[in-house]
Amino acid sequence: MRIVAGTHRGRRIAAPRGRGTRPTSDRVREAVFSIVGPVEGLDVLDLFAGSGALGLEALSRGAASAVLVDRSPAAAACIRANAEALGLEGRVRVVKRDWRAALAAERAAGRCFGLCLCDPPYSLTPRIAGGLGAALAPVMATAGTVVIEYPAAGPRPEPSGLEIASRIDRTYGDTAVSVLRLESP
């Protein structure tokens with residue numbers, strides 16, 4: 001895998017070993033950021049971060065900081081190694097926790113994100129989709145963007161609890177992506 005664009009364009013990143021992680025392909029990452037648009041200065045939340053590819057891509061494209069959440073020790077170690085290899089460790093915070101506990105802690109700390117990248121294991125997507133919006137709402141900035149990656153063969157996630165202004169859905173092979181723009185005041 002490699003970083004697709006920005007200051008670290010073309011730099012290779014590693015993925016955790018084994019089948020527990022399904023990294024987002026370069027093609028899908030490029031398409032996602034094309035839809036999302038400029039990310040300069042945003043604070044980014046990467047849930048189910050795996051290798052950290054989505055969050056690190058955002059940083060390469062100018063995001064201010066990224067919180068990368070994954071409960072797997074192997075994934076957390078891989079993210080730290082990738083951030084260090086890219087010289088981004090000062091802009092990355094790795095959280096090795098379950099997504100619900102991580103979101104509760106971010107909310108309790110008063111943190112707010114302009115972009116959330118959510119790429120759960122495909123088998124988990126249907127089970128978390130309903131509760132994801134309500135858990136994310138307190139930590140999302142007004143007019144922020146939420147990206148959810150899911151299996152193209154599965155149902156489209158409908159995260160309740162978010163005030164969605166617009167939605168773009170795209171399919172890339174066996175991967176589908178929803179880009180949700182949140183309401184502004």
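Structure: see above.
Residues numbered from 1 in each chain as written. Predicted model: local features only at pLDDT ≥ 70, side-chain atom pairs only at ≥ 80, totals over all residues. Heavy atoms only, no water.

**Some details on helix α3 (residues 73-86)**
Between its terminal C-alpha atoms α3 stretches 20 Å, which fits the 20 Å expected from 14 residues at 1.5 Å a residue. Listing the buried residues of α3 in full gives A75, A76, C78, I79, N82, A83 and L86. All buried residues of α3 lie within an arc of 160° about the axis, which places them on one face of the element. Looking at α3, the residues exposed on the side facing more than 90 degrees away from the buried face are P73 and E84. Where α3 is buried, its residues contact α2 (53-60), β2 (65-69) and β3 (92-95). For α3, the N-terminal cap is S72; the gap from its side-chain oxygen to the backbone nitrogen of A74 is 3.3 Å. Backbone geometry just after α3 places G87 at a positive phi near 75°. (Helix = DSSP H or I, 4+ residues; strand = E, 2+ residues; numbered from the N terminus. Expected span 1.5 Å × (residues − 1). Buried < 20%, exposed > 50% of the residue type's maximum accessible area, 1.4 Å probe, protein only. Arc of directions from axis to C-beta. Contact = heavy atoms within 4.5 Å. Polar contact = N/O pair within 3.5 Å; in protein donor to acceptor, adjacent residues only side chain to side chain.)

**Looking at the pattern of salt bridges**
Under the counting rule described, the total for this entry stands at 11 salt bridges. Between E57 and R29 there is a salt bridge whose closest N-O contact spans 3.1 Å. On the criterion of sequence distance, the pair formed by E57 in helix α2 and R29 in helix α1 (residues 26-36) is long-range, its members being 28 residues apart. Accessibility classification places E57 together with R29 in one group, the buried group. Of the charged contacts in the structure, one is a salt bridge between D169 and R156, with a shortest N-O distance of 2.7 Å. Note that D169 is positioned in strand β6 (residues 164-172) and R156 in the loop between β5 (140-151) and β6, a separation of 13 residues in sequence. Here D169 falls in the partly exposed class, since its relative accessible area comes to 26%. Here the salt bridges do not stand alone but share partners, grouping R2, D26, R29, E57 and R61 into one network. (Salt bridge = Lys/Arg side-chain N within 4 Å of Asp/Glu carboxyl O.)

Scope: geometric values only; no functional claims are made or implied.
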